[in-house]
Amino acid sequence: ERMKVVVTRNLGPDVMPLLQERKELDLVVWPEDRPCEREWFLQNVPGATGVIVMLSDKVNQELYEAAGPTLKIVSTMSVGYEHIDLQGAAQRNIRVGYTPDVLTDAVADISIMLALMAGRNVRETTELVARGDWPNTAWAPYGFVGPQLSANWVHPTRTAGFLGFGRISKATLARLVPFGFTDCVYTSNPSSTPNPAADAETARTYGLRSVRRVGLPELAAQSDVVFVLAPGGAATHHVVDAAFLRGMKSTAVLVNTARGTLVDSDALATALRERWIWGAGVDVVEGEPHVGREHPLVREPRCVVLPHIASATIETRLGMATTAAKNLLGALFGEAMPAEVQM
Ligand code: GLV
Ligand code: GLV
């Protein structure tokens, strides 16, 4: 029996053969090198057994209805899945695959990079050099100084803060250990049970003085750097708001490598302009990809803005595409799915 599979973005010459070699599959692949048009998706999805999607594709009631009862698997090439209506999938017995783990290190790497860039005035200074204005103030004794991320003679203790404490947060924390970080505070989904024994174990694992689950006000107040690494969606909408930012240290930096919706962009721009905090580094912005030069964060010299590239390493994207293909094949051919969303 033939099965139609719609793929909303070409997964490249190393991964497409995994799908092409399955002769039972009729592959329909969006042919262009830009996000798939909604109309194309809706026109091609009827009768599909599986779809491979990107996070720019909304998988909602409209799509389920267009697909019809044949649809068995939605496989997204992303770790986040707030673009997928899970309840709708569960009601229709559609399985959902995603790509955790393989991107953890790439995102942790770039989170550290953004923390350093935001603290050390990298955007302002590289823009000067790019314009040909090598600054004669650079070697003024205090020219372009910023707060030091690593522990130092003035600040022998450093506290990392994590909004959300999953795989990527822990990988980021591991990278901060050689920077001399001594303490960690984090917030978790309020419906999960606090586990002080696990926190003590995490502290031992990383050789830290303390790892503590706290509330948002304490996270803001204690952290030298706050990493936003929680899932997006309604439950975390604008958790970083004006009150949170006002509660942060004026020398602290904010890093968002999760979803733009967690941070109120206007409040963050105000916090940077009025120096409530030192700087920010964001890989994601609410409303992306519609983020122009007039966006308040793009205009703010103390905000480093990346266009959602935290997982964009050669190795990681290959791993994500492979996982997305294998999740689809697993669901269609009764093989194991490497990573299935539990519903
Ligand atoms: C990237 O944002 C992802 O969800 O993989
Ligand atoms: C830095 O270049 C120094 O010489 O201190």
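All residue numbers here refer to positions counted from 1 along the written sequence of the relevant chain. Numbering of ligands from 1 and lettering of chains from A proceed in the order in which they are written. Whole-chain, interface and lining totals are the exception, using all residues; otherwise, since this is a predicted model, local features are given only for residues with pLDDT of at least 70 and side-chain atom pairs are given and counted only at 80 or more.

Novice: Residue-level account of the packing of helix H5 (residues 104–119) against helix H7 (residues 167–176), with values.
Specialist: Axis lines are fitted through C-alpha atoms, for helices just across the contact stretch, and the angle between N-to-C directions can take any value from 0 to 180 degrees. Only DSSP runs of H or I reaching four residues or more are called helices, and only runs of E reaching two or more are called strands; each is numbered from the N terminus. Between H5 and H7, the shortest axis-to-axis distance is 8 Å and the interhelical angle comes to 55°. Accordingly, the angle class assigned to the pair H5 and H7 is oblique. Judged by the sense of rotation from one axis to the other, the crossing of H5 with H7 is right-handed. Of the residues in H7, those touching H5 at Thr104, Asp105, Val107, Ala108, Ser111 and Ile112 are Arg167, Ile168, Ala171, Thr172 and Arg175. Orientation categories follow fixed angle ranges, with anything under 35 degrees roughly parallel, anything over 145 roughly antiparallel, 65 to 115 roughly perpendicular, and all other angles oblique. When the near helix sits turned anticlockwise from the far one by under a right angle, the crossing is termed left-handed; a clockwise turn instead gives a right-handed crossing. Residue pairs are scored as contacts if the distance between their C-beta atoms, which are placed from the backbone, is within 7 Å.

Novice: Could you give an account of the sheet that holds strand E4 (residues 73–76), with specific residues and numbers?
Specialist: For two strands to count as paired, DSSP must find a minimum of two bridges between them. The strand order across the open sheet formed by five strands is E2-E1-E3-E4-E5, and the pairing between neighbours is parallel. Only two strands of the sheet have a single neighbouring strand rather than two, namely strand E2 (25–29) and strand E5 (95–97). Across this sheet, the average inter-strand angle for adjacent strands is 15°, counted without regard to direction. Two strands pair when backbone bridges link them, and strand E1 (residues 3–7) and E2 are joined in this way by five bridges, in the parallel orientation. Residue pairing in the sheet places Val7 in a bridge with Val29 of E2. In the packing of helix H13 (residues 314–333) onto the sheet, contacts are made with E1, strand E3 (48–53), E4 and E5, and the angle to E4 comes to roughly 170°.

Novice: Explain the pairing of strand E9 (residues 225–228) to me, using residue names and the numbers behind them.
Specialist: Here the C-beta atoms are placed from the backbone, and a residue counts as buried if at least 20 other C-beta atoms lie within 10 Å of its own, exposed if 12 or fewer do, and partly exposed otherwise. Covered by surrounding structure in E9 are Val225 and Phe227 together with Val226 and Val228, the residues of both alternating faces. Of the strand pairs in this sheet, strand E6 (residues 159–163) and E9 are connected by four bridges, and their pairing is parallel. Bridge assignment links Leu163 to a residue of E9, and that residue is Val228. Pairing between E9 and strand E10 (residues 253–256): four bridges, direction parallel. Of the residues in E10, the one forming a bridge with Val226 is Leu254.

Novice: Explain the site of ligand 1 to me, using residue names and the numbers behind them.
Specialist: Surveying the vicinity of ligand 1 reveals the residues Leu55, Ser78, Val79, Gly80, Leu103 and Ser311. Split into classes, the residues belonging to the shell around ligand 1 amount to three nonpolar, three polar and no charged. For each residue, a C-beta atom is placed from the backbone, and the residue counts as near a molecule or strand when that atom lies within 6 Å of it. Three classes are used, and their members are as follows: Ala, Val, Leu, Ile, Met, Phe, Trp, Tyr, Cys and Pro are nonpolar, Asp, Glu, Lys and Arg are charged, and the others, Gly among them, are polar.

Novice: Lay out H5 in plain terms, naming residues and giving numbers.
Specialist: Between its terminal C-alpha atoms H5 stretches 23 Å, which fits the 22 Å expected from 16 residues at 1.5 Å a residue. Taking burial as the measure, the 16 residues of H5 include 12 buried ones, the bulk of the element. Of all the positions in H5, only Ala106, Val107, Ala108, Ile110, Ser111, Ile112, Leu114, Ala115, Leu116, Met117, Ala118 and Gly119 are classed as buried. By this rule the span expected of a helix is its residue count minus one, scaled by 1.5 Å.

Novice: Talk me through H7; I want residue IDs and the actual numbers.
Specialist: Buried residues of H7: Ile168, Ser169, Thr172, Leu173 and Leu176, and no others. Along the axis of H7, the buried residues cluster in a sector spanning 140°; they form a single face. This arc is built from the directions going out from the helix axis to the C-beta atoms.

Novice: Requested: an account of the sheet that holds E10, with residues and values cited.
Specialist: On the basis of which strands lie adjacent, the open sheet formed by seven strands has the order E8-E7-E6-E9-E10-E11-E12 and parallel pairing. Every interior strand has two partners, whereas the edge strands, strand E8 (210–213) and strand E12 (303–305), have only one. Each neighbouring strand pair of the sheet contributes to a mean axis angle of 15°, computed without reference to strand direction. In this sheet, strand E11 (residues 279–282) lies alongside E10 in parallel orientation, the contact comprising four bridges. Bridge pairing in E11 links Val255 to Gly281.

Novice: Explain the pairing of strand E7 (residues 183–187) residue by residue, including any values.
Specialist: With respect to burial, E7 is a largely interior element, four of its five residues being buried. With H7 bridging E6 and its parallel neighbour E7, the resulting β-α-β unit is right-handed. Where E7 and E8 come together, four bridges link them in parallel fashion. The residue bridging Val185 from the neighbouring strand is Arg212, located in E8. As a crossover connection, the stretch from E7 through helix H8 (residues 196–206) into E8 is right-handed. Handedness is read with the strands pointing away from the viewer; a crossover is right-handed when the path from the first strand over the helix to the second is clockwise.

Novice: Any chance you could break down the domain arrangement of the protein for me, citing the residues and the numbers?
Specialist: Bring the parts together and some accessible area is lost; that lost area is often taken as the interface size. We note that the domain assignment places domain 1 (3–102 + 314–333) and domain 2 (104–305) within the protein. Residue ranges for the domains originate in an automatic or database domain assignment. Inter-centroid distance (C-alpha atoms) of domain 1 to domain 2 is 33 Å. Each partner contributes to the interface: domain 1 provides five residues, whereas domain 2 provides seven residues. Classifying every residue of the side of domain 1 that touches domain 2 by side-chain character gives one nonpolar, two polar and two charged.

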